[in-house]
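# Working through the structure, step by step
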Amino acid sequence: MADPTTPLTMDTIVSLCRRRGFVFPSSEIYGGIGSTYDYGHYGVLTKNNIRSLWLRSMVQERDDIVALDSAIILNPRVWEVSGHVAGFTDPMVDCKFCKLRFRADRLEDAHCGQKPSRRPGEASDCDLTEPRQFNLMFETQVGALADGSSTAYLRPETAQGIFINFKNVAQLARRKPPFGIAQVGGKTFRNEITPGNFLFRLREFEQMEMEYFVPPDEADEWYRYWVDARRNWYLDLGLREENLRVREHAAEELSHYSSGTSDLEYQYPIGWQELEGIANRGDYDLTQHTNASGTKLEWVEQDGTRYTPHVIEPAVSIDRIMLAFLCDAYREEVVGDRERVVLSLHPLVAPVKAAILPLIAKDDGMATRARALYEELRRFHVVEHDEGGQIGRRYRRQDEIGTPWAFTVDEQTLSDETVTVRERDSLAQERLPISGVRAWLDDALAQDWRSPHSR
Ligand code: ATP
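What you see is a predicted model, and the numbers here were worked out from it, not measured in a lab.

### Observations concerning helix H13 (residues 437-446)
Since the α-helix turns once every 3.6 residues, residues separated by three or four places project in the same direction. Taken residue by residue, H13 has Val437, Leu441, Ala444 and Leu445 as its buried positions. Buried residues of H13, seen end-on, are gathered within an arc of 95 degrees and therefore sit on one face of the element. Away from the buried face of H13 by more than 90 degrees, exposed residues Ala439 and Ala446 are located.

### Focus: the environment of histidine 289
Secondary-structure assignment places histidine 289 in helix H8 (residues 284-293). In this structure, the C-alpha to C-alpha distance between histidine 289 and valine 59, residues 230 residues apart in sequence, is 25 Å. Residues contacting histidine 289, with those up to four places away along its chain left out, are Val78, Val81, Ser82, Gln160, Phe163, Ile164, Gly294, Thr295 and Leu297.

### Here we look at the sheet that holds strand S23 (residues 418-423)
With mixed pairing, five strands are arranged side by side in an open sheet as S21-S20-S22-S23-S24. Since the sheet does not close on itself, it has two edges, and those belong to strand S21 (383-385) and strand S24 (429-433), each with one partner. Here the strands of the sheet are splayed against their neighbours by 25 degrees on average, with no regard to which way each runs. For strand S20 (residues 354-358) and S21, the ladder comprises three bridges, and the chain directions are parallel. Residue pairing across strands places isoleucine 356 opposite histidine 385, the latter belonging to S21. Relative to S20, helix H10 (residues 364-377) is tilted by about 165 degrees, and along the sheet it contacts S20, S21 and strand S22 (405-409).

### Some thoughts on the site of the ligand
As a matter of local geometry, the ligand sits amid 17 residues, with Glu192, Arg201, Leu202, Glu274 and Leu275 nearest to it. Protein chains shield 84% of the accessible area of the ligand, which is 600 Å² for the free molecule. If you list the elements that add at least two residues to the shell around the ligand, you get strand S11 (204-214), strand S14 (271-282) and strand S17 (310-317). With four residues, the top contributor of residues to the shell around the ligand is S14.

### Concerning the sheet that holds strand S5 (residues 101-103)
Taken together, the three strands give an open sheet; going across it, the order is S5-S4-S6, and neighbouring strands pair in antiparallel fashion. Edge positions in the open sheet fall to S5 and strand S6 (132-135), since each of these has one partner strand only. Averaged over all pairs of adjacent strands, the angle between their axes in this sheet comes to 50 degrees, without regard to strand direction. Note that strand S4 (residues 89-94) and S5 share three bridges and pair antiparallel. Considered in S5, the bridge of methionine 92 is made with arginine 103.

### Focus: the nonpolar core
Inside soluble globular proteins, nonpolar side chains tend to come together where they are buried. One finds Leu275 and Phe407 to be the most contacted residues of the largest nonpolar core, which totals 77 residues. Of all hydrophobic cores here, the second largest spans 17 residues; its members include Ala159, Ile162, Ile181 and Phe213.

### Quick word on the pairing of strand S18 (residues 330-335)
Alignment of S18 against strand S19 (residues 338-343), held across six bridges, turns out to be antiparallel. Counterpart to arginine 331 in the pairing with S19 is valine 342. Taking the residues between adjacent antiparallel strands as the criterion, S18 and S19 are bridged by two residues, where glycine 336 takes a positive phi near 65 degrees.

Rules and cut-offs
Residues numbered from 1 in each chain as written. Predicted model: local features only at pLDDT ≥ 70, side-chain atom pairs only at ≥ 80, totals over all residues. Heavy atoms only, no water. Buried < 20%, exposed > 50% of the residue type's maximum accessible area, 1.4 Å probe, protein only. Helix = DSSP H or I, 4+ residues; strand = E, 2+ residues; numbered from the N terminus. Arc of directions from axis to C-beta. Contact = heavy atoms within 4.5 Å. Pairing = 2+ DSSP bridges. Axes fitted to C-alpha atoms, helices over the stretch in contact; angles between N-to-C directions. Near = heavy atom within 4 Å. Areas by Shrake-Rupley, 256 points an atom, 1.4 Å probe, with all protein chains shown as cover. Core = buried A, V, L, I, M, F, W, Y, C linked by side-chain atoms within 4.5 Å.

Structure, rendered in structure tokens:
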């Protein structure tokens, strides 16, 4: 058991995810396929929670943003016009000695193929080529003919699917700028040169992007608004403030079309890294697609004035959010004379909201009551019924998957129809009437929550 002051390592999170069925290496029985993962039961539940919390704050709780789910394979012209075919590249170097490839602008994060492992270029044998540009888009063929005309791409971002639908949505959504289109529509694909660090850099990941269309003279104000709004979203979900920071890009770092970009950085076990990007993309995308398609992607005011809206974009992947939440929540501790691993996740993020545990599974009275309570609660929340093994072990299993509350049916339940509720972080216990558990849980889930690990 690690001392709580020992820095968390990525390996610890990888091993918890595997042990508890959050995430498995993909294609494992065939030796895996680099940096691709399959999400198990608790991983799927956690991802669903993150997705719906994002949609809730972006769409459900606002008047000005609508949802979209665009296709993964778009007309390849989209990617020519957006600049991705020519420019969605990272600089790559090869090492002629160890035959590995590295991203030239991230050498400090890479390991060369020699033992002991060093940074590429550090050992005297390293023989790095000059950097050359490598396009990150995955190509595929559409239709039965595999010639140049059938080449298409798996989308490397969801944003372009939003821009090309601007006119459809603007005509039908009965909204005027400032308004947004949000999309959580499945996977995004990037043939990353050096994927790695578990869920941080994947070749397929689930992006959530929102494009917010604003009058040009309001762009800077809205850009700042979205940087604050997105930062607050994480803090409201209990991410520790000391692990989150905003880093504004310097002028030389900005994309050619962007007049401002900020990264929300999280302190992962690999150091401070981009969790989410918020960019002021100006009118670049709508103008490009207007010029190339001949369809005017612009806004016309009632008095006939026309303009091309500017776009503010918060973009993030569910995978990087999940990794940040897991790292933030993980704690090994000794309670009394027992050791435990606990995931102090925000209850709304936690994959299972409550466990229902009969103290003695063989006791018919306890078993029947526990089962009935479970069947009542599962109509409204993801809950688990666990009757196997000693109660202490069952609690510890729930602690490791981050279940905020456990309701235990015991001897006293048989005489007074109350249960014990145990709180995951404080381990506090209280008794509740069994008939009031559902309302109690609804109320507990609606409360503000702060990480017990916050400074
Ligand atoms: P990086 O500099 O880390 O390569 P980026 O600046 O290219 O990232 P964006 O194009 O801004 O990333 O993508 C928006 C968001 O999508 C990122 O903030 C991150 O949350 C997520 N993302 C990007 N690439 C990956 C990846 N390979 N694996 C997981 N998530 C990713």
